[in-house]
Amino acid sequence: MSEVSTARFEVTVAESEAEHAALGAEIVARAIDAAVRARGSARVALSGGSTPGPVYRRLAQMALPLDRIDWFWVDERAGDPSSPRSNFRAARADLGLDRADAAARVHRMEAEDPDLAAAAARYEALLRRTFGVASAVAFDVMTLGIGDDGHTASLFPATGATAIDDRLVAAIGAQPAKGLEARLTLTAPVLCEARTVLFLARGAGKQRPIASAWSEGPEDEVPARVLLRAQGRVVWLVDRDAYPTG
Ligand code: 6PG
């Protein structure tokens, strides 16, 4: 492992997939522990995609205070929660959240609703009830990924999604040309309020988007740039292949 600093972010480079998983799990577990000590409970927001799986499976092996943790999702793909495309399904299985002591605190996005705008409004209402109507929706820890096109959460390039600032949760239309189904997503203001953001990336395909996400420029071109306005701690946990060298 090596640690590097950019002007705004902490960057940790893992030397193997196992180290990436172990370091990621440790960062999430520590943030959970700090939140439980400070406020009695922890609120976690989970991303989907393929990279977090090993981190979540490692986390599931740790002694977490499951009766004190509320689990939310950063984004969800339109469809049934039993679908192999479901971010809820993947994270719940990886984290072992079907256990009785965790199940009551698992809050999935209802992306099976054909009216995704209504599902987004329900999730927003849930967040408001959980965090307090007048309070910031500040997750204790949030995992994020970055796509080869620079997207994060379900904020995709050239869609205007990064500019949505009047909602906590948005419905994002399908992009059939790119093979993407419609989505529900937390919006940029919520991403930026998290106390700890953990970006997880592995593989050479991420080098270019990460370099772009670390440099100023139009957010609509590289949505992961929205985290340049994050208020909390942002950690990029990458492997050697994903680390931008140029
Ligand atoms: C999703 C995500 C998405 C993901 C990136 C990176 O539902 O797909 O939440 O934003 O984090 O696409 O995905 P990988 O980890 O598969 O590279």
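Worth saying up front: this structure is predicted, and the values here are computed from it rather than measured.

(A) View of the site of the ligand. As a matter of local geometry, the ligand sits amid 15 residues, with T51, R77, H151, A153 and K206 nearest to it. A distance of 2.5 Å separates an oxygen atom of the ligand from a polar side-chain atom of T51. Between R183 and the ligand, the recorded distance is 3.3 Å, taken from a side-chain N or O atom to an oxygen atom. The site holding the ligand turns out to be the largest pocket. Residues of the shell around the ligand, tallied by class, amount to two nonpolar, nine polar and four charged.

(B) Structural view of the UniProt feature "domain: Glucosamine/galactosamine-6-phosphate isomerase" (unreviewed entry) in the protein chain. UniProt marks residues 17–236 with the feature "domain: Glucosamine/galactosamine-6-phosphate isomerase" (unreviewed entry), using the numbering shown here. The distance separating the terminal C-alpha atoms of residues 17–236 is 15 Å; by composition the span is 34% helix and 17% strand.

(C) Quick look at the sheet that holds strand 8 (residues 169–172). Spatial ordering of the open sheet is given by 5-9-8, a layout of three strands whose pairing is antiparallel. Each edge of the sheet is formed by a strand with only one pairing partner; in this case those strands are strand 5 (75–77) and strand 8. Each strand of the sheet is rotated relative to its neighbour by a mean of 15°, with strand direction disregarded. Along the sheet, helix 5 (residues 116–131) makes contact with strand 8 and strand 9 (183–186), crossing strand 8 at roughly 165°.

(D) Inspection of helix 2 (residues 52–60) at higher detail. Where helix 2 is concerned, the buried positions are P52, G53, P54, V55, Y56 and L59. On its buried face, helix 2 is in contact with helix 1 (17–39), strand 3 (42–46), helix 3 (87–95), strand 7 (141–144) and strand 10 (196–201).

About the thresholds
Residues numbered from 1 in each chain as written. Predicted model: local features only at pLDDT ≥ 70, side-chain atom pairs only at ≥ 80, totals over all residues. Heavy atoms only, no water. Near = heavy atom within 4 Å. Polar contact = N/O pair within 3.5 Å; in protein donor to acceptor, adjacent residues only side chain to side chain. 1 Å grid on protein atoms, 1.4 Å probe; cavity = no way out; pocket = protein on both sides within 12 Å on 5 of 7 lines; lining within 4 Å. Sits in = over half its atoms within 2 Å of the grid points. Nonpolar A, V, L, I, M, F, W, Y, C, P; charged D, E, K, R; others polar. UniProt positions renumbered as here; feature names shortened; annotations may be inferred. Helix = DSSP H or I, 4+ residues; strand = E, 2+ residues; numbered from the N terminus. Pairing = 2+ DSSP bridges. Axes fitted to C-alpha atoms, helices over the stretch in contact; angles between N-to-C directions. Contact = heavy atoms within 4.5 Å. Buried < 20%, exposed > 50% of the residue type's maximum accessible area, 1.4 Å probe, protein only.

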